[in-house]
Amino acid sequence: MKLFADYHTHTVFSDGLGTVRENAASAAARGLSEVAITDHGPRNIVTGMKGLDKLNIMLEEVARVNRLDLGVKVLAGLEASVVSSSGELELSRRAIKQLDLLVAGLHPYFLPRQLKDLWHFVLPNHLGRVRRSSGAKLKNTNTKALTEAVRRYPVDIVSHPNFMMPVELQELAPVCAERNSSLEINTGHVYNKDMIVLAAQKAGAKLVINSDAHTPQRVGDLASGLALVERLKFPLQRVVNLRLE
Ligand SMILES: [Zn+2]
Ligand SMILES: [Zn+2]
């Protein structure tokens, strides 16, 4: 049994410290056969890619590193933020078509498209972390935004569900199952992931175990995710980056 891919890593194209080549070399050294570069999109405040023209440079860089034949296949992806309460992603459909892999997730620091979302979606998520009241309404808004994104776009992976921005996993998991999107077990963020595994199990959804590495050293650091799915007896054939042998 072996985790053969890490489908969520960051590089200097957004807030990671390593280059595409360094992430690829690290993945190869760990014995992975695939690694995805999934930097933050342009509407993520501070951490995001500076402008969408960077995307083309990233695509070229991924193609160049693949030609170096480091012993690992590099996929060009992006971690796109949901930027409206109706589930719009920060990327155009045209940009998405250029990617090998689309990761989508909720992040609290982004530029909303519409002012109303500042009041109903962005600010409550910041206040909610200070003030634990109004939780149910906020969870509802977040759940709707994320499930709509999964319905509207070809999302391969939902990154770190329920991290920082609470969502109803029992609602999200069936939509992921229906759309063939994987729920992520993110080994880079420390929070309770048991509910993700249990919700995916119940809904028949797939899981993926990713590092969310922001340094080359962390690429392929996936062991804690495998331990979690094994502890909860999740059906291992539904972990998309796990090879059973
Ligand atoms: Zn993220
Ligand atoms: Zn990430």
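Everything here concerns the structure above.
Please read these numbers as outputs of a predicted model, since none were measured by experiment.

### Focus: the coordination of the zinc ion (ligand 1)
Looking at the metal site, the zinc ion (ligand 1) is ligated by Glu-79 (OE), His-107 (NE2) and His-160 (NE2), spaced 2.1 to 2.2 Å from it. Summarised as a motif, the one-chain spacing of the donors to the zinc ion (ligand 1) is E-x27-H-x52-H. A gap of 3.4 Å separates the zinc ion (ligand 1) and the zinc ion (ligand 2), which Glu-79 links by coordinating each metal. Taken together, the residues Glu-79 in strand 4 (residues 73-81) and His-160 in the loop between strand 6 (157-158) and helix 6 (169-179) connect sequence positions 81 residues apart. Just as Glu-79 is buried, His-160 falls in that class too.

### Some remarks on the coordination of the zinc ion (ligand 2)
The protein atoms that coordinate the zinc ion (ligand 2) are His-8 (NE2), His-10 (NE2), Glu-79 (OE) and Asp-212 (OD), at distances of 2.1 to 2.3 Å. Considering all four donor atoms around the zinc ion (ligand 2), angles at the metal cover 79 to 168° and the coordination shape is irregular.

### Digging into the sheet that holds strand 3 (residues 34-40)
Here we have seven strands laid out as an open sheet, ordered 2-3-4-5-6-7-8, and parallel in their pairing. Both edges of this open sheet fall to strand 2 (5-9) and strand 8 (206-210), since each of them pairs with a single strand only. Examined bridge by bridge, strand 2 and strand 3 share three bridges and lie parallel to one another. Of the residues in strand 3, the one forming a bridge with Thr-9 is Ile-37.

### Here we look at the packing of helix 1 (residues 20-29) against helix 2 (residues 53-67)
The description of two helices packed together rests on the angle between their axes and the distance between the axes. Relative to each other, helix 1 and helix 2 sit at 40°, their axes nearing to 9 Å. One way to sum up the angle between helix 1 and helix 2 is to call them oblique. Considering only the axes of helix 1 and helix 2, their crossing is right-handed. Listed contacts from helix 2 to Val-20, Arg-21 and Ala-24 of helix 1 are Glu-61, Val-62 and Val-65. Looking at side-chain class alone, the contact of helix 1 with helix 2 contains four nonpolar, no polar and two charged residues.

### Regarding a positive patch on the surface
Where like charges cluster on the molecular surface, the positive patch consists of Arg-93, Lys-97, Lys-144 and Arg-152. For the positive patch, the elements supplying multiple residues, two or more each, are helix 3 (93-97) and helix 5 (135-152). Classification of Arg-93 by relative accessible area gives partly exposed; the value is 43%.

### A few points about a nonpolar patch on the surface
On the surface, a nonpolar cluster with roughly 430 Å² of combined accessible area is contributed by Leu-115, Trp-119, Leu-123 and Leu-127. Locating Leu-123 in the fold gives a position in helix 4 (residues 115-130). Leu-123 gets classed as partly exposed once you look at its relative accessible area, which sits at 31%.

### Observations concerning helix 2
With 15 residues, helix 2 should cover 21 Å at 1.5 Å per step; its first-to-last C-alpha distance of 22 Å lies within 8% of that length. Here helix 2 has its buried residues at Leu-55, Met-58, Leu-59, Glu-61, Val-62 and Val-65. Looking straight down helix 2, one finds that the buried residues subtend no more than 165° of arc, so they occupy a single side. When the buried face of helix 2 is taken as reference, the exposed residues oriented beyond 90 degrees from it are Asp-53, Glu-60 and Arg-67.

### Here we look at the pattern of salt bridges
A full pass over the atoms with the stated rule returns six salt bridges. Arg-231 is the salt-bridge partner of Asp-194, the closest N and O atoms lying 3.1 Å from each other. One end of the pair, Asp-194, is in helix 7 (residues 194-203); the other, Arg-231, is in helix 8 (residues 223-231), with 37 residues separating them in the sequence.

Here is what the cut-offs are and how they apply
- Residues numbered from 1 in each chain as written.
- Chains lettered and ligands numbered in written order.
- Predicted model: local features only at pLDDT ≥ 70, side-chain atom pairs only at ≥ 80, totals over all residues.
- Heavy atoms only, no water.
- Donors = N, O, S within 2.8 Å, 3.2 Å for Na, K, Ca; no water.
- Helix = DSSP H or I, 4+ residues; strand = E, 2+ residues; numbered from the N terminus.
- Buried < 20%, exposed > 50% of the residue type's maximum accessible area, 1.4 Å probe, protein only.
- Tetrahedral: all angles 85-135°; square planar, octahedral: opposite > 155°, others 65-115°.
- Pairing = 2+ DSSP bridges.
- Axes fitted to C-alpha atoms, helices over the stretch in contact; angles between N-to-C directions.
- Parallel < 35°, antiparallel > 145°, perpendicular 65-115°, else oblique.
- Left-handed = near helix turned anticlockwise from the far one by under 90°.
- Contact = heavy atoms within 4.5 Å.
- Nonpolar A, V, L, I, M, F, W, Y, C, P; charged D, E, K, R; others polar.
- Patch = residues over 30% accessible without salt bridge, like charges linked within 9 Å, V, L, I, M, F, W, Y side chains within 5 Å.
- Areas by Shrake-Rupley, 256 points an atom, 1.4 Å probe, with all protein chains shown as cover.
- Salt bridge = Lys/Arg side-chain N within 4 Å of Asp/Glu carboxyl O.
- Lys, Arg positive; Asp, Glu negative; His and termini not counted.
- Charge placed at Lys NZ, Arg CZ, Asp CG, Glu CD.
- Expected span 1.5 Å × (residues − 1).
- Arc of directions from axis to C-beta.

Coordinates in, geometry out; function isn't part of it.
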